[in-house]
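# Descriptive structure summary
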Amino acid sequence: MIYNHLLIEGAEKLGYKLTDIQVKQFNKYYEMLIKWNKKINLTSIIDEQEVILKHFLDSIAIKEVIDLNICNSLIDLGTGAGFPGIPLKIVFPNLKVTLVDSLNKRINFLLEVIDELSLEDIQCIHSRAEDLGNTDLYREQFDLCVSRAVADLSILSEYCIPFVRHGGYFISYKSNKSQEEIYSSKGAMEKLGACLEKIKNVEVPFLDIERTFVVIKKVKNTPNKYPRKAGKPKKSPLR
Ligand SMILES: C[S@@+](CC[C@H](N)C(=O)[O-])C[C@H]1O[C@@H](n2cnc3c(N)ncnc32)[C@H](O)[C@@H]1O
């Protein structure tokens, strides 16, 4: 990429020292994103500088709110073209990552990215959150669930909180315009066995808009009736 210096300096500002291998992985990922985006709809952001700032650096800015070195397993719900899950896997290679999306075309893209970037200990699942969250294999299994640009927080809480183990976290990537949405979803979080721990605004390097991270802690197991069947959380969000 022509703007590799933005990636390297931006990552440094966030506290990462990228290795040559990691820079190469980001380059390959960008190349594939552009190539596949001509065939399937992955992202509206294709300009190289913008991809670096709005996809890559934004994804890894979560370092400011949680220490991912002490986190073993992560699930990215509604990952789309792999954000934030793939950039996080690149910068934390030891993390066990699960990417979930309900669109199979995007899953096929991600499988090829994983192969081309030689990423290990990462899996992709084609499923809706509401279905996967009710399976013993995935329910209450993860240290951390992350999600960006998928749904309103009360709906998203029902998608994401069931995956988190007792004591783990769900961290939602929101914007600084989300205050009302965050506070009106506190009831949903409580019903699902979680509580709002903190809201933190983080400066994404070279961008003038801040990312707002909503940190939600799982304090007890989610009642068996959640998540409700596919489509229901969106149709009638918990309050
Ligand atoms: C706007 S895209 C965001 C993708 C990515 N997280 C990002 O920030 O670029 C939302 C993605 O969530 C997926 N999605 C929406 N509802 C879902 C659900 N109930 N279960 C799983 N995936 C879902 C969609 O298929 C889509 O790929």
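- The name given to the protein in an unreviewed UniProt entry is Ribosomal RNA small subunit methyltransferase G, and the organism recorded there is Vallitalea longa.
- Here the protein is described in UniProt, under the heading Sequence similarities (unreviewed entry), as follows: "Belongs to the methyltransferase superfamily. RNA methyltransferase RsmG family."
- Recorded in UniProt under Function (unreviewed entry), the annotation for the protein is "Specifically methylates the N7 position of a guanine in 16S rRNA."

## So, the site of the ligand
- Taken together, 17 residues sit near the ligand, with G78, G80, S102, A129 and R148 positioned nearest.
- Secondary-structure elements contributing two or more residues to the shell around the ligand are β2 (96-101) and α6 (129-132).
- Here the shell around the ligand is built from residues that sort into eight nonpolar, four polar and five charged.

## Topic: the UniProt feature "binding site: S-adenosyl-L-methionine" (unreviewed entry) in the protein
- Under the feature "binding site: S-adenosyl-L-methionine" (unreviewed entry), the UniProt entry names G78, F83, A129, E130 and R148.
- Checked against the element boundaries, E130 lands in helix α6.
- Owing to 20 C-beta atoms within 10 Å, E130 belongs among the buried residues under this scheme.
- The residues contacting E130, other than those within four sequence positions of it, are Y159, P227, R228, K229, A230 and P233.
- Contacts of R148, omitting those with residues within four sequence positions, involve F83, P84 and Y173.

Rules used throughout
- Residues numbered from 1 in each chain as written.
- Predicted model: local features only at pLDDT ≥ 70, side-chain atom pairs only at ≥ 80, totals over all residues.
- UniProt positions renumbered as here; feature names shortened; annotations may be inferred.
- Near = placed C-beta within 6 Å.
- Helix = DSSP H or I, 4+ residues; strand = E, 2+ residues; numbered from the N terminus.
- Nonpolar A, V, L, I, M, F, W, Y, C, P; charged D, E, K, R; others polar.
- Buried ≥ 20, exposed ≤ 12 C-beta atoms within 10 Å, placed from the backbone.
- Contact = placed C-beta atoms within 7 Å.

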